[in-house]
Amino acid sequence: MTACSADPDHFGLTRGQIDERTPFVAVPSSQAWVSPPHIRSVLQRDLGTESEQQIGLENRSTIAGDNLMLLRTRAGSSNLGRLRFEDVVARFGGLPHPFTNLSSGDLLQEQDGLGTYFWVGQTIGETTNCILGLRRVDGGMRQLPGGTGIMDIIVRNCVIGSQQEALTPLMAESISTVAALRGADGSSRMLSPLAAPTGNLQAANPTSGARP
């Protein structure tokens, strides 16, 4: 019996078939699993043993496509193996413009207060910067929606500004808090019940530095 067949709503379907047949529904921005600045919309769907959110971000650039955060949770133990670029991309249905030809070897690896993240930037014209970033968050870093084991995140963000500004939705401050706790100016007012514990967060994930 496959993992997805245990769910009566998805009996006998493959993961790809579940994805194709399950629509997103709009939810309030206060129900976003993370807290990036300038949320425009939140869509969510239940995929049986997995759940997914699409968070639309403000896009003031002229670059084709949407600025999006894609988040996908999986049930089970947080010790589900290291992040693999190809697996994450496949689960999200491919890469967005202008990163469609990206490979894992193109990604830079860096650390912040929530562990390791991977990203690449692209400067377009004189003032626009786009980033593609991904990271994995597990239950040892912060409480996850529905008590799931891991949450994989992909961000595509193009801004009229620096690459560091474009990276903001992927950073620990955005990932550790939920949207309802953001002030009107976009600043974080307090940590949410889903936030990571204070202290040395990297110590909770000593193997997080593995390349995808």
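Here the structure is shown first, and the text comes after it.
Residues numbered from 1 in each chain as written. Predicted model: local features only at pLDDT ≥ 70, side-chain atom pairs only at ≥ 80, totals over all residues. Heavy atoms only, no water.

> Looking at this model, I keep getting lost on the overall build of the chain. Mind explaining?
Summing up its helical and strand segments, the chain has four helices and eight strands in all. Reading the chain from its N terminus to its C terminus gives the helix and strand order α-β-β-β-β-α-β-β-β-β-α-α. A total of 212 residues make up the chain; the buried ones form 48% of that total. A separation threshold of at least 6 residues defines the contact pool for the chain, and within that pool the share at least 24 residues apart is 53%. (Helix = DSSP H or I, 4+ residues; strand = E, 2+ residues; numbered from the N terminus. Buried < 20%, exposed > 50% of the residue type's maximum accessible area, 1.4 Å probe, protein only. Contact = heavy atoms within 4.5 Å.)

> Mind showing me how you'd approach the sheet that holds strand E8 (residues 150-160) here?
If you trace the eight strands from one edge of the open sheet to the other, you get E1-E2-E3-E4-E8-E7-E6-E5, paired in antiparallel fashion. Both edges of this open sheet fall to strand E1 (25-26) and strand E5 (108-112), since each of them pairs with a single strand only. (Pairing = 2+ DSSP bridges.)

> Help me out: how do you make sense of the pairing of strand E4 (residues 67-74) in this one?
Each regular strand displays side chains that alternate between the two surfaces of the sheet. Within E4, six of the eight residues are buried, which leaves it mostly tucked inside the rest of the structure. With eight bridges connecting them, strand E3 (residues 50-57) and E4 associate as antiparallel partners. Within E4, the position partnered with Gly56 by the bridge is Leu68. Of the strand pairs in this sheet, E4 and E8 are connected by seven bridges, and their pairing is antiparallel. Among the inter-strand pairings, Thr73 is bridged to a residue of E8, identified as Met151.

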